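# Fold and contact review
In case you want the letters, here they are:
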Amino acid sequence: MSLTSDPPIDPPAVKEARSGAGPDELTVVPVRHPWRWVAIAATAVLLAQFLNGLITNPGWEWDVFAQFFTAPTILKAVWITLQLTFYGTAIGFALGIVLAFMRLSASGFLRTVAYGYIWAFRSIPLIVQLLFWFNFAYLYEELTFGIPFGPGFFAFDTMNLVGAMSAAVLGLALHQAAYAAEIVRGGVLAVGSGQSEAAAALGIPKFRQLRRIVLPQAMRSILPNAANEIISLFKGTSIVSVMAIGELFYQVQVVYGRNGRVVPLLMVATVWYILLTTALSVLQHYVERHYAKGAVR
């Protein structure tokens, strides 16, 4: 006794292919995404409503915004903000590189010191660090130079040593160094150990290995995170307003404290932050493209 079954039914496309139909004769039906178009339409409506309110709502007071956007006091405050960002970044990353290689050192003592610094400065809030530096003269009335734990040769008063601007730069830079150290350490660890071993086998000095081989490759991993930290520091400079430094946010507070135009003055600060952050992002793009040569085709 034999069992029989009906032959399998081929789909139309398979039948056409078996019958010798060419690819031009096949009907291609695109996949439909109805919910995607619903999401696009809903998002477009919400965006249009937001832009309409931004333009037509008199509460934004765009005439006041235009009046103060390029006011001399605001431009001076923008310049101070840029200075704080530059000095905080330069000093912070210079110290961060040192700390990163201390953590990578074969010396247990250096690794412990670097880890302790990073742990402390990442644990203490930035505003607390700034206020400590701002009150440095209260903690130490004078500084003495001489033999450690022995007699001092000369001393000077600290009352005018650390002003508001110096305290802000120190606080931002030392805080930034803790994060920069981990960013640099991660970038160096991302470079294969074989690179350094090959360079050592060729007799290349250690410092040149670091400068010409390790760091250029590590920069591809370092740059995205470093750029994020710089942008965060740029926006984070607003916290120094607690020390009455005339950076952008503090100056905006002073102006709207006098005229009561809170919303348009906040928009002045917002637009300046957006413009400068965009400029930093564009710079990041070109720097990343430079260091990606040979890696991205």
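Use the structure listed above.
Each chain has its residues counted from 1, running along the sequence as written. With pLDDT at 70 or above as the cut-off, local features in this predicted model cover only qualifying residues; side-chain atom pairs require 80 or more to be listed or tallied, and sums for whole chains, interfaces and linings still use all residues. As a convention, hydrogens and water are excluded, and side-chain values are obtained from all of the structure's heavy atoms.

### Describing the packing of aromatic side chains
A pair of aromatic rings is counted whenever rings of Phe, Tyr or Trp (Trp by its six-membered ring) have centres within 6.5 Å, and the orientation is called stacked for planes under 30 degrees apart, edge-to-face for over 60 and tilted otherwise. Per the counting criterion, the structure on display carries seven aromatic pairs. Ring geometry for Trp62 versus Phe65: centroids 5.3 Å apart, planes at 80°, classification edge-to-face. In this pair, Trp62 and Phe65 both sit in helix α3 (residues 62–69), three residues apart, roughly one turn of the helix. Residue classification places Trp62 among the partly exposed residues on the basis of a relative accessible area of 29%. Seen from their ring centres, Phe86 and Tyr87 are 5.5 Å apart, and the 70° between their planes marks the pair as edge-to-face. Burial status follows relative accessibility: with a 1.4 Å probe on protein chains alone, a residue under 20% of its type maximum counts as buried, one over 50% as exposed, and anything between as partly exposed. The exposed category is assigned to Phe86, whose relative accessible area is 56%. Given a relative accessible area of 38%, Tyr87 falls into the partly exposed group. Ring pairing ties together the aromatic residues Trp60, Trp62, Phe65, Phe69 and Trp272, which thus form one cluster. Going along the chain from the N terminus, every DSSP run of H or I of four or more residues is numbered as a helix, and every run of E of two or more is numbered as a strand.

### What to know about α3
Within α3 the residues assigned to the buried category are Val64, Phe65, Phe68 and Phe69. On an axial view of α3, the arc spanned by its buried residues comes to 125°, and they lie on one face. For α3, the exposed residues set more than 90 degrees away from the buried face come down to Asp63, Ala66 and Gln67. Against α4 (72–103), α11 (248–259) and α12 (262–291) lie the buried residues of α3. The arc under discussion is defined with respect to the helix axis, by the directions toward the C-beta atoms. Here, two residues are considered to be in contact whenever any of their heavy atoms come within 4.5 Å of each other.

### Thoughts on helix α5 (residues 108–123)
To estimate how far a helix should reach, multiply one less than its number of residues by 1.5 Å. Relative to the 22 Å expected for 16 residues at 1.5 Å per residue, α5 spans 22 Å between its end C-alpha atoms, a close match to the ideal helical length. Taken as a whole, α5 has its buried residues at Ala114, Tyr117, Ile118, Ala120 and Phe121. In this structure, the buried side of α5 is in contact with α4, α6 (126–134) and α8 (164–189).

### Thoughts on the environment of Ala190
With respect to the helices and strands, Ala190 occurs in the loop between α8 and α9 (193–201). Classification of Ala190 as exposed rests on a relative accessible area of 53%.

### Some thoughts on the packing of α4 against α12
Between two packed helices, the angle of one axis relative to the other and the distance separating the axes together describe the packing. Helix axes use the C-alpha atoms of the stretch in contact, all axes being lines fitted to C-alpha atoms, and the angles between their N-to-C directions lie in the range 0 to 180 degrees. The contact between α4 and α12 brings their axes to 12 Å, and the two run at 45°. Regarding the angle of α4 to α12, the classification is oblique. Crossing of α4 over α12 shows right-handed handedness. Taken together, the residues of α12 that come into contact with α4 (itself represented by Ile74, Leu75, Val78 and Leu82) are Val268, Trp272 and Leu276. Throughout this entry, Asp, Glu, Lys and Arg are counted as charged residues, while Ala, Val, Leu, Ile, Met, Phe, Trp, Tyr, Cys and Pro are counted as nonpolar. The remaining residues, Gly among them, count as polar. Tallied by class, the residues present in the contact of α4 with α12 amount to seven nonpolar, no polar and no charged. Orientation categories follow fixed angle ranges, with anything under 35 degrees roughly parallel, anything over 145 roughly antiparallel, 65 to 115 roughly perpendicular, and all other angles oblique. A crossing counts as left-handed when the near helix is turned anticlockwise from the far one by less than a right angle, and as right-handed when that turn is clockwise.

### Observations regarding unusual backbone geometry
Its identity is not glycine, yet Glu61 carries a phi of approximately 50°, on the positive side. Here Glu61 shows up in the loop between α2 (34–56) and α3. The class for Glu61 is partly exposed, based on a relative accessible area of 23%.

### Notes on the pattern of salt bridges
The term salt bridge refers to a pairing of a side-chain nitrogen on Lys or Arg with a carboxyl oxygen on Asp or Glu at a separation within 4 Å. Within this structure, the stated rule accounts for three salt bridges. When the shortest N-O distance is used, the salt bridge between Arg103 and Glu182 registers 3.1 Å. Highlighted residues: Arg103 in helix α4 and Glu182 in helix α8, separated in sequence by 79 residues. On the basis of relative accessibility, which here comes to 18%, the residue Glu182 falls in the buried class. Between Arg185 and Glu182 there is a salt bridge, with its nearest N and O atoms 3.0 Å apart. With Arg185 and Glu182 both in helix α8 and three residues apart, the pair spans about one turn of that helix. One network of salt bridges, in which partners are shared, links Arg103, Glu182 and Arg185.

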